[in-house]
Amino acid sequence: MSVALYTHLDMLEHRTGEGHPERSARLKAVLAALDDSGLALDRREATEADVADLERVHPADYVARILGASPATGAVQLDPDTVLSPGSVRAARLAAGAAVQAVRDVMAGETARAFAAVRPPGHHAEPNRAMGFCLFSSVAVAAQAARAGGAERVAVIDFDVHHGNGTQAAFEADPSLFLGSIHQMPLYPGTGAPEERGVGNIVNAPVAPHAAREAWRNTLAGVLMPALDEFAPDLILISAGFDAHRRDPLAHQSLEAEDFAWATRAVLEVARRRCGGKVVSSLEGGYDLQGLGASAVAHVQALGED
């Protein structure tokens, strides 16, 4: 099965500065690894998310504030981790737009599976707050675009090593949306305890630092997948962070690229049963270039399996 790949090279113009882990080389590594993999991908150029799409998650004054904050030169520091350069706002709109476009194309039947190779990531951006490298909550924006397009129930599975606090904040009061997150705890941003359940639509499954690969797999299979299946979504989105890879410098997990392929297949098993196999994935974290590239290829290859 062909996977549609949504990306845009202008996302490389989000310049975070020397030594910042969320750097342009990340997207270059993912695209180079996919190019070298020999996978047959339907490559599509991303477009910027419309303001109306962003405002389904973020208040209008927040969106206006971010859109107006782009510096003409140099950089603006929004918090200790989150930087704006002259190309950053366009990059963030492209990242959200790629996920939205992928969702709309999947819902229209143009493709069954899609991967948005994007930066900056999005899952830490809360409705009123940029943080953790993230400006707009791209996957949450895409989920709301799916709801606006007729999907009654939309689920997100987030296997980034950091908890997706922004997605949780956007979803936690809406029973038509589901978030299942597996993440290291303790770790930034400090949220994601099992007791955080929203209106019964949030399932957090933290794992300890240095957890064995088998323990991580058992948690995803035993906690998140049954909850996802019970939710019975019309569409599944994946916040695909690859920073639980054993090489990653920002966390302490033990995964290999093949573990992300295994997790992808687990999600697809539910997707085939519940929503005709429709899955849209969007890149979140992953900060070791070798681990990131290999993991992205394994994930996308698994996405393309019938």
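In this text, all values refer to a predicted model and were calculated from it rather than measured experimentally.

Thoughts on the pairing of strand β1 (residues 3–7)
In terms of residue burial, β1 counts as a mostly covered element, since five of its five residues are buried. Residues V3, L5 and T7 point to one face of β1 and A4 and Y6 to the other, with burial holding for every one of them. In this structure, β1 lies alongside strand β2 (residues 41–45), joined through five bridges in parallel fashion. Pairing of L5 across the sheet is with R43, part of β2. Chirality of the crossover, the property in question, places the unit of β1, helix α1 (residues 24–37) and β2 among those that are right-handed. Pairing of β1 with strand β5 (residues 113–116), which is carried by three bridges, proceeds in the parallel orientation. Of the residues in β5, the one forming a bridge with Y6 is A116.

A closer look at the side chain of T7
You can see T7 is positioned in strand β1. Judged by relative accessible area, T7 falls into the buried class, the value being 3%. Reaching out from T7, the side chain makes a polar contact with the backbone oxygen of A117 at a distance of 2.7 Å. When residues no more than four places from it in sequence are discounted, the contact partners of T7 are L27, L31, R43, R44, E45, A46 and A117.

Considering the packing of aromatic side chains
For the structure on display, the rule yields seven aromatic pairs. Aromatic side chains F159 and F242 sit 6.0 Å apart centroid to centroid with 50 degrees between the ring planes, which places their arrangement in the tilted category. One end of the pair, F159, is in the loop between β6 (154–158) and α6 (165–171); the other, F242, is in the loop between β9 (235–240) and α8 (257–275), with 83 residues separating them in the sequence. Pair check on accessibility: F159 and F242 agree, each one buried. Geometrically, the ring pair formed by W216 and F260 is edge-to-face, given 6.4 Å between the ring centres and 70 degrees between the ring planes. Of this pair, W216 sits in helix α7 (residues 213–231) while F260 sits in helix α8, and the two are 44 residues apart along the sequence. Judged by relative accessible area, which is 2%, W216 ranks as buried. Positioned above the aromatic ring of F231 is the side chain of R153, whose terminal nitrogen or guanidinium carbon lies 4.0 Å from the ring centre.

Calculation notes
- Residues numbered from 1 in each chain as written.
- Predicted model: local features only at pLDDT ≥ 70, side-chain atom pairs only at ≥ 80, totals over all residues.
- Heavy atoms only, no water.
- Buried < 20%, exposed > 50% of the residue type's maximum accessible area, 1.4 Å probe, protein only.
- Helix = DSSP H or I, 4+ residues; strand = E, 2+ residues; numbered from the N terminus.
- Pairing = 2+ DSSP bridges.
- Right-handed = clockwise from strand over helix to strand, strands pointing away.
- Polar contact = N/O pair within 3.5 Å; in protein donor to acceptor, adjacent residues only side chain to side chain.
- Contact = heavy atoms within 4.5 Å.
- Phe/Tyr/Trp six-rings, centres within 6.5 Å; stacked < 30°, edge-to-face > 60°.
- Lys NZ or Arg CZ within 6 Å of the ring centre and 35° of its normal.

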